[in-house]
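# Examination of the molecular architecture
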Amino acid sequence: MSKLCLILFGPPGSGKGTQAKLLRTSLGVAHISTGDILREAVASGSELGQELDVLLRAGSLVSDDLVNRLVADRTAQPDCEKGFILDGYPRTVAQAELLGKVLAEQGIDPVVVHLQVDYNVIIARLSERRQCPTCGALYSVTTNASEVCDYDGSKLIVRSDDNADTVRERLKAYERQTAPVLAFLKGAGYVCFDVEGASGSPVVIAGRIKRSVSGELARRAGRPA
Ligand code: ADP
């Protein structure tokens, strides 16, 4: 059986990162977040990291060429042997085209999950979001008033791009550059599930995703659905 590639697609703040962290354990595959990879580069303070910091703070996308290379390196790591969840990639049609070629070469047929969340919900969620700078765990101040991470005790931070102005720019970049990717993925013939991602806790939404994809994954594994 070929590797699993699950593409989690949706606007910023639709819960891709949260869902990927829940699903990677149950599916036994790696989680690849281009946002996390880019933020690690920023945190390293390298020259590249400083250039990326400017783009991320503005809510603009990073160049396709750089992101494509980062993803190619990451998918070659040993923890991707059984497969991987892509969170935040592909984010442009050019990235999707390249990904399509790379996956076809490896005989991988991706499954796409489209998380549907209304923009008003997104704006509210992002203004309440806190993140652990050490392990990347995500929190909401409305459901968890703690100021430190449950896993490693680090002081939680507000992401530099979660302020109202940058969120507006991220949503514009999504509309302009990323939303067309969904039609491209469907046009490429990939199986795509629309999943309601606004109502219910993260665990409830993860259950909805698992129920959506389970039949398809069982079929691929030759098991009864
Ligand atoms: P969100 O999906 O909530 O916007 P991410 O952590 O996925 O958050 O991305 C944060 C920022 O990283 C994006 O606003 C963009 O600047 C950059 N980024 C992430 N993934 C990509 C990508 N595939 N292509 C270009 N830029 C990206």
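All of the points below concern the structure found in this document. Predicted model, so just to flag it, every value in this text is computed and none were measured.

This part covers helix α1 (residues 16-27). Within α1 the residues assigned to the buried category are K16, G17, Q19, A20, K21 and L23. Among the residues trailing α1, G28 stands out with phi positive, at a value near 70°.

Take K21: it is sitting in helix α1. As a buried residue without a salt bridge, K21 has its nearest oppositely charged side chain in D36, at a separation of 4.1 Å. Discounting chain neighbours no more than four positions away, the residues touching K21 are H31, D36, G136, A137 and L138.

Strand order in this open sheet of five strands is β2-β3-β1-β4-β7, and the pairing throughout is parallel. If you trace the sheet from one side to the other, it starts and ends with β2 (30-33) and β7 (191-196), each paired once. The average undirected angle you get between the axes of adjacent strands in this sheet is 20°. Pairing of strand β4 (residues 111-116) with β7 involves six bridges; the strand directions are parallel. Considered in β7, the bridge of V111 is made with V191.

Membership of the largest hydrophobic core comes to 28 residues, with the highest contact counts inside it found for F84, L86 and L185. The element contributing the most residues to this core is helix α7 (residues 164-187), with four residues. With near-sequence residues (within four places) excluded, F84 lies in contact with K3, L4, C5, L6, V29, A30, I32, T75 and L103. Grouped together as the second largest cluster of nonpolar side chains are 16 residues, A20, L23, L115 and V213 included.

Parameters and conventions
Residues numbered from 1 in each chain as written. Predicted model: local features only at pLDDT ≥ 70, side-chain atom pairs only at ≥ 80, totals over all residues. Heavy atoms only, no water. Buried < 20%, exposed > 50% of the residue type's maximum accessible area, 1.4 Å probe, protein only. Helix = DSSP H or I, 4+ residues; strand = E, 2+ residues; numbered from the N terminus. Lys, Arg positive; Asp, Glu negative; His and termini not counted. Salt bridge = Lys/Arg side-chain N within 4 Å of Asp/Glu carboxyl O. Contact = heavy atoms within 4.5 Å. Pairing = 2+ DSSP bridges. Axes fitted to C-alpha atoms, helices over the stretch in contact; angles between N-to-C directions. Core = buried A, V, L, I, M, F, W, Y, C linked by side-chain atoms within 4.5 Å.

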